Amino acid sequence: GAGSSWAPSTVLVTGGAGFIGSHTCVELLDHGYEVIVIDNYSNSTPQVFARVERIAGRFVGAVYELDIRDRRALSAVFDRHSVDAVVHLAAHKSVSESAAMPVEYYDTNVGGTTALLRTMHEHGVHRMVYSSSCSIYGDADPGPIAETAPARPTNPYAASKWLCEQILADVCDRRPEYTVLCLRYFNPAGAHPSGLLGEDPRGTPDNLMPYVAQVAVGRRERLHVFGDDYPTPDGTAIRDYLHVLDTVEAHRLALDHVADAPGMHVYNLGLGKGSSVLEVVAAFSEACGRSIPYEVAPRRPGDVAELVADATPVARAWSWRPMRDLSDMCRDAWHFQQLNPHGYGDSARRPNSKH
Ligand code: WQD
């Protein structure tokens, strides 16, 4: 990238079969990186890689099925490949599930990160792009949120992400050879415009856009709008939705810049524009030409009224400019949903519960 004289050639993507991970693989393959993936398919399927490779016209270097907490298996991967940097995406990510199984969330998200850090350390790998979350801000003051805003996690998922950030900051403080680029995503949504890659959660989707897409395609009867009594213009909660392609472009730019300056650098990733639940419903309805039936349901525990990014620091640092808006996200999510009404194709064999 501009200004950097060194770029990693081999990147290990943890959670590389997931929604962000699969699109990250395409983006990195498209930009000449060698890509190694680990995933345990707890919320994904290896079927995604044929699609990744079809889009990129290149092969993923290697794929390993393993649990991020399994240090012996992790170590074997680092023994086999000369990894220059790690994009660490592997984690559980459901807010509601985290309230029901907090220990599992801390174990996988925090224990997975420390297992990875120990393995990286043993193998002399000191560069990481870390997947964090806007949810760490919790009940923030209204208006765009800067990275300097205090962390106030309101659920175990968010708390686990914040704990990992603190661990990574400590590592960078004490070991000058480390660089961690921590990306706090707001709400990634949409799909690859080819219709080959998208969000394919197991069981009932927790996230808004895949749920709406399944209503549109007739897999679910109606959306439950979680709360219409928030202090927002239409009473429904506001989020900052960001196209997955813009999201993964930021990861690639992070890798291009990973040698610029050591230490921990934290960036929000969002459009900087909020949309309410009802605005998402309207935009999706417009994109698919169907009405989206919904009913208002109680607020979801741990949800907050508004989360919108101030994403100017990342724009300034890497000249990152999100290029796609909510209508693009809805169009691409709908395209994926239409071409893959049952996701990547093994839905029939999946249990309807997550664990
Ligand atoms: C968006 C809005 C819901 C479903 C979390 C994480 C974040 C990121 C995305 C990993 C909220 C409402 C939702 C539904 C609804 N990480 N909603 N009916 O909670 O903002 O963010 O997931 O995935 O780090 O914090 O995303 O898509 O679940 O919800 O009304 O069936 O849609 O209440 O206002 P969230 P979401």
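Residues numbered from 1 in each chain as written. Predicted model: local features only at pLDDT ≥ 70, side-chain atom pairs only at ≥ 80, totals over all residues. Heavy atoms only, no water.

## Comments concerning the pairing of strand β4 (residues 85-88)
- On β4, burial covers both faces: Ala85 and Val87 on one face and Val86 and His88 on the other are all buried.
- Pairing between strand β1 (residues 10-14) and β4: four bridges, direction parallel. Counted as the bridge partner of Thr14 is His88 from β4. (Buried < 20%, exposed > 50% of the residue type's maximum accessible area, 1.4 Å probe, protein only. Helix = DSSP H or I, 4+ residues; strand = E, 2+ residues; numbered from the N terminus. Pairing = 2+ DSSP bridges.)

## So, the nonpolar core
- The biggest cluster of nonpolar side chains holds 51 residues, and the ones touching the most others in it are Val13, Val35, Leu255, Leu269, Trp318 and Trp320.
- Core analysis: the second largest hydrophobic core is formed by 28 residues, Ile36, Phe78, Val125 and Cys182 among them. (Core = buried A, V, L, I, M, F, W, Y, C linked by side-chain atoms within 4.5 Å.)

## Overview of the UniProt feature "domain: Ketoreductase" (unreviewed entry) in the protein chain
- According to UniProt, the positions carrying the feature "domain: Ketoreductase" (unreviewed entry) are residues 9-164.
- Measuring from the first to the last C-alpha atom of residues 9-164 gives 26 Å, for a span that is 43% helix and 17% strand. (UniProt positions renumbered as here; feature names shortened; annotations may be inferred.)

## Some remarks on the pattern of salt bridges
- Across all of its chains, the model carries 17 salt bridges by this definition.
- Taking the shortest distance from any N to any O, the salt bridge between Glu27 and Arg252 comes out at 2.9 Å. Residue Glu27 is found in helix α1 (residues 19-30), and its partner Arg252 is found in helix α8 (residues 244-256); the two are separated by 225 residues along the sequence.
- Its relative accessible area of 12% is what places Glu27 among the buried residues.
- A salt bridge links Arg331 to Asp328, with the shortest nitrogen-to-oxygen separation between them at 3.0 Å. A residue pair is termed a helical-turn pair when its members lie 3 or 4 positions apart in one helix, as Arg331 and Asp328 do in helix α11 (residues 326-339) at three residues.
- Residue Asp328 is classed as buried on the basis of its relative accessible area, which comes to 16%.
- Through salt bridges with shared partners, a single ionic network connects Glu27, Glu249, Arg252 and Asp256. (Salt bridge = Lys/Arg side-chain N within 4 Å of Asp/Glu carboxyl O.)

## Notes on the packing of aromatic side chains
- A complete count under the given rule lists four aromatic pairs for this structure.
- Judged by centre distance (6.1 Å) and plane angle (80°), the ring pair of Phe284 and Trp334 falls under edge-to-face. Here the residue Phe284 occupies a position in helix α9 (residues 277-288), and Trp334 occupies one in helix α11, the gap between them amounting to 50 residues.
- For Phe284, a relative accessible area of 0% gives the class buried.
- Ring centres of Phe336 and Tyr344 lie 5.6 Å apart, and the angle between their planes is 65°; this geometry places the pair in the edge-to-face category.
- Overall, the relative accessible area of 3% leaves Phe336 in the buried class.
- Across the ring face of Tyr230, the terminal group of Arg299 is positioned such that the distance to the ring centre comes to 4.0 Å. (Phe/Tyr/Trp six-rings, centres within 6.5 Å; stacked < 30°, edge-to-face > 60°. Lys NZ or Arg CZ within 6 Å of the ring centre and 35° of its normal.)

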